[in-house]
Amino acid sequence: MAVSLRRPILDWYEAHRRDLPWRRPDATPWGILVSEIMLQQTPVVRVLPAWTEWMARWPTPEALAKEPPGEAVRQWGRLGYPRRALNLHACAKVITAEHGGRVPSTYAELRALPGVGDYTAAAVASFAFGGRHAVLDTNVRRVLARAIRGEEHPPRATTAAERRLAESLVPEVEAPRWAVAVMELGALVCTARAPRCEACPIAGQCAWRLAGRPAGPVRRGQRYAGTDRQCRGRLLAVLREADGPVPKSALDAVWPDQAQRERALDSLLDDGLAEVLPDGTYRLPAG
DNA sequence: GATGCGTGGAA
DNA sequence: TTTCCAAGCAT
């Protein structure tokens, strides 16, 4: 039953896959790791230029490990979730110090790297090293929720049932190709909004479509305007765009609520995304 | 397990 | 204009 989804999805992938630089044969494990970190909660179209520039500047973990973490944060630019830049820098340090400068190849070693969770460890182990893992991202979860469970959206948090299902579908051979194929289907056809069922290779066996595409419950997203997150973003942008340390007044200027501003700044310091010098100026982390 | 964590584009 | 969402992770 569910296994019969494989062949049409694999064939569809061969015909419709995007040519992404981290999927090319010459992509390195480091390049693939960088892409996976950048792609966490971030659209491909915005990652593409950022990845190209990052890899041109730091083609190896060793190259990045030599730099201060603040340079990673600066290069990160406006990709969002800038702690990922710190994570990538920390990955580079660990890989250089503990793995001889080579990205480790096993799920367990990858999972131990900073900022590498279940998804990213499985993805890198699969795509960079050919490992056989269930790669369960938001695209795969949505495809399976619709095709198998007949629901518009997957549960908020990944369930044991979802994981069991995903693992049951991993083929014995060419598991990485299966993983990327399902992800691609979710990204291009079985999208969150306005899915293109007419272009879907498994439309004929999709439980959700066969049920008439019933709408799921409304899902409430997190607000952003006025939050600490937005405030942190404003403050960090000042540090990122400055050549050197900035006076506190430069930070005060970009957010009116003093209490919130102080709280956000403290959290940036706590996270290691900023540091304060003895003279009271602020900058990206130097060491 | 629920929250917090950036940013920008599309509907 | 507002809302939703984009290859998640850590706490």
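Residues numbered from 1 in each chain as written. Chains lettered and ligands numbered in written order. Predicted model: local features only at pLDDT ≥ 70, side-chain atom pairs only at ≥ 80, totals over all residues. Heavy atoms only, no water.

(A) Seen up close, the domain arrangement of chain A. Taken domain by domain, chain A holds domain 1 (28-127) and domain 2 (228-283). For domain 1 versus domain 2, the separation of C-alpha centres amounts to 25 Å. On the side of domain 2, 12 residues touch domain 1, which itself brings 8 residues to the contact. Between domain 1 and domain 2 lies a buried interface of about 760 Å² when both sides are counted; carbon and sulfur atoms form 49% of it. Its largest share of buried area at the contact with domain 2, domain 1 owes to R74, R83 and L86, together 51% of the area lost on that side. Our count for the domain 1 to domain 2 interface comes out at 1 salt bridge. Of the charged contacts in the structure, one is a salt bridge between D271 and R83, with a shortest N-O distance of 2.6 Å. Put simply, domain 1 and domain 2 have 5 residue pairs in polar contact (both at pLDDT 80 or more) between them. Every element with two or more residues in the side of domain 1 that touches domain 2 is listed here: helix 5 (69-76) and helix 6 (83-98). Here the side of domain 1 that touches domain 2 is built from residues that sort into 4 nonpolar, 1 polar and 3 charged. (Domains from an automatic or database assignment. Contact = heavy atoms within 4.5 Å. Buried area = accessible area lost by both parts, 1.4 Å probe. Salt bridge = Lys/Arg side-chain N within 4 Å of Asp/Glu carboxyl O. Polar contact = N/O pair within 3.5 Å; in protein donor to acceptor, adjacent residues only side chain to side chain. Helix = DSSP H or I, 4+ residues; strand = E, 2+ residues; numbered from the N terminus. Nonpolar A, V, L, I, M, F, W, Y, C, P; charged D, E, K, R; others polar.)

(B) Local environment of the packing of aromatic side chains. The full count for this structure, using the stated rule, is 3 aromatic pairs. In this structure an aromatic cluster arises from ring pairing among W54, W58 and W76. Just above the ring of W208 sits the side chain of R146; from NZ or CZ to the centre is 4.6 Å. (Phe/Tyr/Trp six-rings, centres within 6.5 Å; stacked < 30°, edge-to-face > 60°. Lys NZ or Arg CZ within 6 Å of the ring centre and 35° of its normal.)

(C) Geometry of the packing of helix 13 (residues 228-241) against helix 15 (residues 258-271). Running from amino to carboxyl end, helix 13 crosses helix 15 at an angle of 70 degrees, the nearest separation of the two axes being 9 Å. The angle between helix 13 and helix 15 places the two elements in the roughly perpendicular class. Regarding helix 13 and helix 15, the two cross each other, and that crossing is right-handed. Across from D228, C231, R232, L235 and L236 in helix 13, the residues of helix 15 making contact are Q260, R261, R263, A264, L265, S267, L268 and D271. Grouping the amino acids of the contact of helix 13 with helix 15 by side-chain chemistry returns 6 nonpolar, 2 polar and 5 charged. (Axes fitted to C-alpha atoms, helices over the stretch in contact; angles between N-to-C directions. Parallel < 35°, antiparallel > 145°, perpendicular 65-115°, else oblique. Left-handed = near helix turned anticlockwise from the far one by under 90°.)

(D) Local environment of the layout of surface pockets. Taken as a whole, the second largest pocket encloses approximately 150 Å³ of empty space. Forming the walls of the second largest pocket are G150, E151, E152, H153, P154, P155, R156, P214, A215, G216, P217 and R219. Residues belonging to the lining of the second largest pocket are distributed by class as follows: 5 nonpolar, 3 polar and 4 charged. (1 Å grid on protein atoms, 1.4 Å probe; cavity = no way out; pocket = protein on both sides within 12 Å on 5 of 7 lines; lining within 4 Å. Points joined across faces, edges and corners; volume = space filled by probe spheres on them.)

(E) Representation of the protein's contact with DNA strand C in the model. Around DNA strand C, the surrounding shell holds 30 residues, and the nearest of these are G117, T120, D137, N139 and A192. Here DNA strand C approaches the protein such that, of its atoms within 4 Å, sugar and phosphate make up 66%. D137 is positioned such that a nitrogen or oxygen atom in its side chain is 2.8 Å from a sugar or linking oxygen of DNA strand C. In the environment of DNA strand C, a phosphate oxygen lies 3.4 Å from a nitrogen or oxygen atom belonging to the backbone of T138. Of all elements in the fold, only helix 2 (29-39), helix 8 (118-127), helix 9 (138-149) and helix 11 (175-188) reach the threshold of two or more residues within the surface near DNA strand C. Taken together, the residues of the surface near DNA strand C break down into 11 nonpolar, 9 polar and 10 charged. (Near = heavy atom within 4 Å.)

(F) Representation of the UniProt feature "domain: HhH-GPD" (unreviewed entry) in chain A. Those residues carrying the UniProt feature "domain: HhH-GPD" (unreviewed entry) are residues 38-188 in this numbering. Between the C-alpha atoms that bound residues 38-188 there is a distance of 19 Å. The span itself is 64% helix and 0% strand. (UniProt positions renumbered as here; feature names shortened; annotations may be inferred.)

(G) Representation of the environment of L5 within the structure. Position of L5 relative to the elements: it lies in the segment before helix 1 (6-16). Here the alpha-carbon distance between L5 and C206, two residues 201 residues apart in the chain, equals 9.2 Å. The contact partners of L5, leaving out residues within four places of it in the chain, are A147, I148, W178, I202 and Q205.

(H) Structural context of the protein's contact with DNA strand B. In the region of DNA strand B, 18 residues are neighbours, and R46, R78, P82, R229 and R232 sit closest. Sugar and phosphate atoms constitute 57% of the interface atoms of DNA strand B, taking the interface as everything within 4 Å of the protein. Measuring from a base nitrogen of DNA strand B, one finds a backbone N or O atom of Q41 at 3.3 Å. The contact in question runs from a base oxygen of DNA strand B to an N or O atom on the side chain of R46, over 2.7 Å. If one sorts the elements of the surface near DNA strand B by residue count, helix 13 sits on top with 5 residues. When grouped by side-chain class, the residues that make up the surface near DNA strand B number 4 nonpolar, 5 polar and 9 charged.

(I) Geometry of the side chain of S126. Summarising the element assignment, S126 is placed in helix 8. A distance of 2.8 Å separates a polar atom in the side chain of S126 from the backbone oxygen of A122. If near-sequence neighbours (up to four positions away) are discounted, S126 is found in contact with G131, H133, V135 and P176.

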